[in-house]
Each structure stands twice: as C-alpha cells, then as structure tokens.
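Structure assessment
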Amino acid sequence: MQMSPGLWGMLPIAVVILAFLGFRQLNRWRHARIVQRPMDPQQLALLQQGVPIYQSLSAEEQQRLQALVKLFLADKHFYGCAGLEVTERMRITIAGEACLLILNQPGAIYPGLSSILIYPSAFRVDREQHTEHGTVVTGSHRLLGESWDAGKVILSWDDVANGVSDFSDGHNVVLHEFAHQLDSQYGTANGSPRLRDNSYKSWARVLSSNFENLQTRALNHLPTVMDTYGATNPAEFFAVATETFFEKPDALHRVRPDLYEELQRYYGCDPRLWQHGTSRAATDALH
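These lines cover the structure that appears in this document, whether it is placed above or below. It should be emphasised that the depicted structure is a prediction, and the values quoted were computed from it without experimental measurement. (Residues numbered from 1 in each chain as written. Predicted model: local features only at pLDDT ≥ 70, side-chain atom pairs only at ≥ 80, totals over all residues. Heavy atoms only, no water.)

Now for unusual backbone geometry. Despite not being glycine, A82 has its phi angle at roughly 55 degrees, a positive value. You will see that Y110, though not glycine, has its phi angle at about 45 degrees, which is positive. Structurally, the position occupied by Y110 is in the loop between α4 (88-100) and β2 (115-119). (Helix = DSSP H or I, 4+ residues; strand = E, 2+ residues; numbered from the N terminus.)

This is how it looks when you write it as structure tokens:
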C-alpha cells in the first residue's frame, strides 16, 4: 500500500508531535522521581534556615515547598560571579524563597527561567537612559538584584542574606526579583501577571489606585507601608507589593486591605497566618 503525497507530507509533523509527547512524558517521570526522593537532612536544615517562616507552614505546605525546591534545584543553574563560589546554602536559600511565591500556584516552576547569577554583594551595571530632552546618556547603577526576560535572575548574596535575617522589614531581593519573573512569564513585566482566580478588571482597578496613592505619598514625603521604590512604575509596584505582602502582611492588610485581598487571591495564601510564628534564631549563620 502506497502512501499518498499528502500523508508523506504529514509524516514529519507526526514525528515532531510524538517526539514532543515522549519528551514531556519523560520529563514528568523524571520530576516524579525527584519529588519522591526524600530531601537530604542537611538540605532540609538549610531550607529551614533560608525560609524563616518555614516552621509556621502547615505540614502539607512544608512538604509542597520541599517538592518545589527539589524541582527548582534540578532544573535551574546557579553561577557565581566576581569570584564567588556558589554553596548549597545559597542554592537552597534562593530556591526556597523563590518557591514560596508559587507554593499554592499550579503549573510549571518558573518555566522561562534557566539561570541564577549570584554576586558577592551589590553590583554595578552601565545603562543607557533617555533624558527628558530626548538625549541618551550612559549611567552606572548599583543593583541588589535584577530579573531578565531572557531566563536570568541576578542577585547579590549579601542582600539575599540580609533579607533572610529580617523577614519582617518588607525588603527581600529574592521575593522582589522572582515577582518580576512571575510578572514577565507571559510577556513584558507590567504589573499584571497571568491571573487564575482574580478578575483582571478588579486587579487593574485595585493595583492602579494603590500605585497612584503610593506615588502621591512618596511625592509628598508621607509615611508609607510599602517602600517608595514601588512608585517607580507598575512592574516595580507589583514586586514591592509582593515583598510587603509576605514580610509585613499585618501592616499591609491594615493600611491597604483591597490590595492585600488581591495579592492573597493571586498567591493563594495568607502570610498573616505564618508571620506570627517566624523565628530568626537560626539565620545568623547565613552571614
């Protein structure tokens, strides 16, 4: 029996589809094996140190976080910069806090992310900026972290460790940069990540009004529950709001309840339940 020219033309497509399905099934099998393997006791101790609210999570949440961290470590690559040697403590601390954001979110683990670059401390980059007069100037900027659409997150280890040592000040470079990853997962970072349970209309209204309020308060030097860096643009507002949501949940809920409710629905958790049990006793070892 001869195949028609049309069927011959469809054969390469069928091969590609079968190869893709085979790869996906193999990846699922590999992930299942990774999740089933118990976390090494030393790794678990580092996770407890690196995520200060770990002990406040429920047993089910702890198991889920462990599974996410194991998959994160298996699929993402860590690189030391400026002579830094990447340690297991660094890997697990960063993975633990990054996975805290997606603890109750279904789907792949930061699918667009491949690499985490770690500097010993804040790093400098040269950037071109457009002035209000239409000219372009090059300036040097000191950064604690940076998130790229092209699959990279860059972090200062000193600032990662500082964020762990005080998980209640609203400043956490890992939460900030990985919020940008969530924001840009399906396009450009603009303060509107892909929503599952939230209404886009409600999200836009609440975040826009709170963003404008923060801008006004920052301009007039009034007290704010969020860092005023969030007034820079909607993408930075979402990232700073995320830091505040996880680290200062009581204050954010009290001052900006509508924003808190949107973030609670998006992240699928209520950090107020965790924060009161936070212990900082074991975090000194990070320095």
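On we go.
Where helix α3 (residues 59-75) meets α4, the closest approach of the two axes is 9 Å, and the angle between their N-to-C directions is 120 degrees. For the element pair α3 / α4, the angle class is oblique. Of the two possible hands of crossing, α3 and α4 adopt the one that is right-handed. Together, L65, L68, V69, F72 and L73 of α3 and R91, I92, A95, G96, A98, C99 and L100 of α4 make up the contact between the two elements. Its residues placed into classes, the contact of α3 with α4 shows ten nonpolar, one polar and one charged. (Axes fitted to C-alpha atoms, helices over the stretch in contact; angles between N-to-C directions. Parallel < 35°, antiparallel > 145°, perpendicular 65-115°, else oblique. Left-handed = near helix turned anticlockwise from the far one by under 90°. Contact = heavy atoms within 4.5 Å. Nonpolar A, V, L, I, M, F, W, Y, C, P; charged D, E, K, R; others polar.)

Let us now look at the sheet that holds strand β6 (residues 152-156). Within the open sheet, the four strands sit side by side as β1-β2-β6-β5. Their pairing is mixed. Where the open sheet ends on each side, the last strands, each with one partner, are β1 (77-80) and β5 (145-148). This sheet shows a mean twist of 15 degrees between the axes of neighbouring strands, independent of strand direction. In this sheet, β6 lies alongside β5 in antiparallel orientation, the contact comprising four bridges. Residue pairing for β6: S147 is matched across the bridge by V153. Sheet strands touched by helix α6 (residues 173-183): β2, β5 and β6. Its angle to β6, the strand with the most contacts, is close to 165 degrees. (Pairing = 2+ DSSP bridges.)

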